[in-house]
Amino acid sequence: MRTILATITAFLLAGSLSAQTYTVFIHGKSDKNHNGVGTTDVNGYWGSSVNSVGGTRIFIGYDGTSDPRSYGSSRAQTNIATGLTNYCKGSNSCKIVCHSAGCYAIEYWLSNLGSTASAKGFNLTKVTALAAASGGSELANALNGITFGFGGNAMDKSLIVTTARGAFNHNNTAGVAVNHVPGYKGMFGASVILPGEDDYAVAYHSSCGYNRAGGLNKCQSSLTQYEGLWPFGSNKTYNQYSGHYRAPSVSSTGLYLDHGQIKTEGWR
């Protein structure tokens, strides 16, 4: 009897010791191919910024010039499915940290999962969305406009605001909370094009997960502001998509960080 109990105890302990908690990093737009799924940050997209996060880190990479919604070799959707299946099922659990178009990629994947992540066997605690570009960027609109639709790669074209917002059901996060971390350290030139607060690449309407594009300077669940020339203007209300929140450790004004600097905030 003691032998049987000892065997059962050893089995249970072995199971608990084999359980892993991972932080999974998914990068954004880049001129490099970061293709790979594993413990290596291929071509160094994240650099030392991952040091803010302890524990075991997994990197899901792809061709940074490709459409984040696409499948195939070196493509985001295929590698996300592979990575999360390999590391985030069974006794393992994962927190996802995405940056910019990487948030577009994981939100698209979650929306098209067909059920909640847990019902599909994935143990995903949350998504920390750093400067999410899932609502598109007016810079992509400008590039597309000045080149009459001929300029830009597949990633650039996917980031056109109407394209990004119409690409999938942003209210469907497969039951996983998406916690937004926006930055407002803009740059002259880019900030002329981007409405409201911005980090020189994306504006708050995208990096805060709002349900419509506009010039916003706060990141919160709902915001109503007067728009247009008085007395001909009117109040307009913006709400965050369902399942989207501001990260609890961030105030409604956001962080004074630019688009690259905000990569250090994966600990949130």
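Here the structure is a predicted model, which means the values were calculated and not measured. Throughout, a residue's number is its position along its own chain's written sequence, starting from 1. Since the coordinates come from a predicted model, pLDDT governs what is reported: local features require at least 70, and pairs of side-chain atoms require 80 or more to be given and counted, while whole-chain, interface and lining totals use all residues. Excluding hydrogens and water, the side-chain figures rest on all heavy atoms present in the structure.

Participant: Got a minute to help me understand the nonpolar core in this structure?
Facilitator: What tends to happen in soluble globular proteins is that the nonpolar side chains get buried as a cluster. The biggest cluster of nonpolar side chains holds 55 residues, and the ones touching the most others in it are Val24, Ile26, Leu84, Ile106, Trp109 and Leu124. The helix count covers DSSP runs of H or I at least four residues long, the strand count covers runs of E at least two residues long, and both are numbered beginning at the N terminus. For this core, the elements supplying multiple residues, two or more each, are strand 1 (21-26), strand 3 (56-63), helix 2 (76-87), strand 4 (93-99), helix 3 (101-111), strand 5 (124-130) and strand 6 (178-181). Residue contacts are counted whenever heavy atoms from the two residues lie within 4.5 Å of one another. With sequence-adjacent residues up to four places away left out, Leu84 is seen in contact with Val24, Ile60, Lys89, Ile96, Ile106, Trp109, Phe122 and Leu124. If you look at the next biggest cluster of nonpolar residues, it comprises 7 residues, including Cys208, Tyr210, Leu216 and Leu223. Within this scheme, the nonpolar core is defined by two criteria: the residues are buried Ala, Val, Leu, Ile, Met, Phe, Trp, Tyr or Cys, and they are joined through side-chain atoms within 4.5 Å. Relative accessible area decides the class of each residue, using a 1.4 Å probe on protein chains only: under 20% of the type maximum gives buried, over 50% gives exposed, and in between gives partly exposed.

Participant: How should the state of the cysteines be read in this particular structure?
Facilitator: As used here, a disulfide is simply a covalent bond connecting the sulfur atoms of two cysteines. Whenever a pair of cysteine sulfur atoms sits within 2.5 Å, that pair is classed as a disulfide. Under the criterion given, the structure shown has 3 disulfides. Disulfide partner of Cys88: Cys94, at an S-S distance of 2.1 Å. On the sign convention where negative means left-handed, the S-S torsion of about -95° between Cys88 and Cys94 marks this disulfide as left-handed. The class for Cys94 is buried, based on a relative accessible area of 0%.

Participant: How do you make sense of the pairing of strand 5 when you look at a structure like this?
Facilitator: Here is the key point about a regular strand: its side chains alternate between the two faces of the sheet. Judged by how many residues are buried, strand 5 sits mostly within the fold: 5 of 7 residues are covered. DSSP bridges decide pairing: two strands pair if at least two such bridges lie between them. Pairing geometry for strand 4 and strand 5, over 6 bridges, is parallel. Counterpart to Val97 in the pairing with strand 5 is Thr128. Seen with its strands pointing away from the viewer, a crossover is right-handed if its path from the first strand over the helix to the second goes clockwise. What joins strand 4 to strand 5 is helix 3, and the crossover it makes is right-handed. The sheet contact formed by strand 5 and strand 6 spans 4 bridges and is parallel. Residue Thr128 lies in a different strand from strand 6, and its bridge partner there is Asn179.

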